[in-house]
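# Tertiary structure, described
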Amino acid sequence: MHPTKAVFIPSRRHALTAIAGTLAATVVTRAQSQEPSMAHKPATAANAARTSIHYDIDFKPSPQRLYEAILDQKQFVAFTGMPATIDATPGGAFSQFGGMIVGRNIELVHNQRIVQAWRPTHWDPGIYSIAHFEFNARGSETTLVFDHTGFPAGEYDHLDFGWQSHYWDPLKKFLA
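Since the structure is predicted, the reported quantities are computational estimates derived from the model, not experimental observations. Along every chain, residues carry numbers that run from 1 in the direction the sequence is written. Per-residue local features of the predicted model are confined to residues with pLDDT of at least 70, and side-chain atom pairs are confined, for both listing and counting, to 80 or more; whole-chain, interface and lining totals are unaffected and use all residues. Excluding hydrogens and water, the side-chain figures rest on all heavy atoms present in the structure.

Turning next to unusual backbone geometry. It is generally the case that most residues other than glycine have a negative phi and that most peptide bonds are trans. Although it is not a glycine, Phe 97 sits at a positive phi angle of roughly 55 degrees. Examined against the element boundaries, Phe 97 turns out to sit in the loop between strand 3 (93–96) and strand 4 (101–109). Numbering of helices and strands runs from the N terminus; a helix is a DSSP stretch of H or I covering at least four residues, while a strand is a stretch of E covering at least two.

Next comes the structure, spelled out in structure tokens:
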């Protein structure tokens, strides 16, 4: 006579718990896989003293579409793939890239300008820079004139890389 083996048949609760656990692990893994590129990068000698960045970037969509993508929390999450909370009002706080960037909206001129007090959380407390987005219409397209000023010396290379890889490149793909 052979003993009978018990067969485990998962309940709906067990299955849903397993699915939720798998999804949570996937989100954490994705955030962690993106995190190294957000890590601080040392400055090159040529850029060590620079404390400002300037870009003129052409985008296909209108100023309104670009303005909304940057300030709308759902769209920001969609184009970056990272958690964000954005209060899109003057004085409103924001937290982006899972809390790695924080700040406040200083000036918002609908579809024309965004000015933010902006800081990565690895900077010393109370240190903020200014991120200035100016949206200039070119027919149905937009030239974004962007200036990031007042950041600590030694941060240029890290910030330049971050703006390119975490804002402009994904934003162009998102809005294509």
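Another point: the pairing of strand 4. Taken residue by residue, a regular strand's side chains alternate between the two faces of the sheet. Two strands qualify as a pair provided DSSP detects at least 2 bridges between them. Taken together, the four bridges between strand 3 and strand 4 define a ladder with antiparallel strand orientation. Paired with Phe 94 across the bridge in strand 4 is Gly 103. Between strand 3 and strand 4, which pair antiparallel in sequence order, lie four residues; one of them, Phe 97, sits at a positive phi of approximately 55 degrees. In the sheet, strand 4 pairs with strand 5 (residues 113–120) via eight bridges, with the strands oriented antiparallel. Within the sheet, the bridge partner assigned to Asn 105 lies in strand 5 and is Gln 116. Between strand 4 and strand 5, which follow one another and run antiparallel, lie three residues, and Asn 111 among them has a positive phi close to 65 degrees.

Once that is clear, we can look at helix 3 (residues 73–80). Here helix 3 has its buried residues at Gln 75, Phe 76, Phe 79 and Thr 80. Here the buried residues of helix 3 occupy an arc of 120 degrees about the axis, which is enough to place them on one side. Once helix 3 ends, the next one or two residues include Gly 81, with phi positive near 75 degrees. When accessible area is computed with a 1.4 Å probe and restricted to protein chains, residues below 20% of their type maximum are described as buried, those above 50% as exposed, and intermediate ones as partly exposed. Each direction from the helix axis to a C-beta atom contributes to the arc, which is the arc of those directions.

On to the sheet that holds strand 4. A sheet is described by the order of its strands in space; here seven strands give the open sequence 1-7-6-5-4-3-2, paired in antiparallel fashion. With one partner strand each, in any of the chains shown, strand 1 (52–59) and strand 2 (85–86) form the two edges of the open sheet. Relative to strand 1, helix 4 (residues 156–175) is tilted by about 15 degrees, and along the sheet it contacts strand 1, strand 3, strand 5, strand 6 (129–138) and strand 7 (141–149). Throughout, a contact is declared for two residues whenever any of their heavy atoms are within 4.5 Å. With axes taken as lines fitted to C-alpha atoms, and helix axes fitted only over the stretch in contact, angles between N-to-C directions fall between 0 and 180 degrees.

Stacked, tilted and edge-to-face are the three classes applied to pairs of Phe, Tyr and Trp rings, where Trp contributes its six-membered ring and a pair requires centres within 6.5 Å; stacked means planes under 30 degrees apart, edge-to-face means over 60, and tilted covers the rest. Tallied over the full model, the rule gives 18 aromatic pairs. Both rings, one in Tyr 55 and one in Phe 146, keep their centres 5.8 Å apart while their planes meet at 25 degrees; by these two values the pair is stacked. You can see Tyr 55 sitting in strand 1 and its partner Phe 146 sitting in strand 7, a full 91 residues away along the chain. Judged by relative accessible area, which is 0%, Phe 146 ranks as buried. Taken together, the ring pairs connect Tyr 55, Phe 76, Phe 79, Phe 97, Trp 118, Trp 123, Phe 133, Phe 146, Trp 163, Tyr 167, Trp 168 and Phe 174 into an aromatic cluster. Ring-over charges, as used throughout, are those where CZ of Arg or NZ of Lys falls within 6 Å of the ring centre and within 35 degrees of the ring normal. A cation over a ring is seen here: Arg 50 above Tyr 156, with NZ or CZ 4.0 Å from the ring centre. Stacked on the ring of Phe 59, the Lys or Arg Lys 172 has its end atom at 5.5 Å from the ring centre.

A carboxyl oxygen of Asp or Glu within 4 Å of a side-chain nitrogen of Lys or Arg is what we treat as a salt bridge. The final tally for this structure, using the stated rule, is five salt bridges. Between Arg 113 and Glu 134 there is a salt bridge; the shortest N-O distance is 2.9 Å. On the criterion of sequence distance, the pair formed by Arg 113 in strand 5 and Glu 134 in strand 6 is long-range, its members being 21 residues apart. Here Arg 113 falls in the partly exposed class, since its relative accessible area comes to 22%. We classify Glu 134 as buried; its relative accessible area is 17%. Arg 138 serves as the salt-bridge partner of Glu 141, at 3.2 Å between the closest nitrogen and oxygen. Residue Arg 138 is classed as partly exposed on the basis of its relative accessible area of 34%. Each of the salt bridges in this network shares a partner with another, and the network as a whole consists of Asp 58, Lys 60, Arg 138 and Glu 141.

What follows deals with the environment of Ser 95. Of note, Ser 95 is situated in strand 3. Through-space distance from the C-alpha of Ser 95 to that of Ala 84 is 5.5 Å; in sequence the pair is eleven residues apart. Setting aside chain neighbours within four positions, we find Ser 95 in contact with Pro 83, Ala 84, Thr 85, Ile 101 and Val 102.

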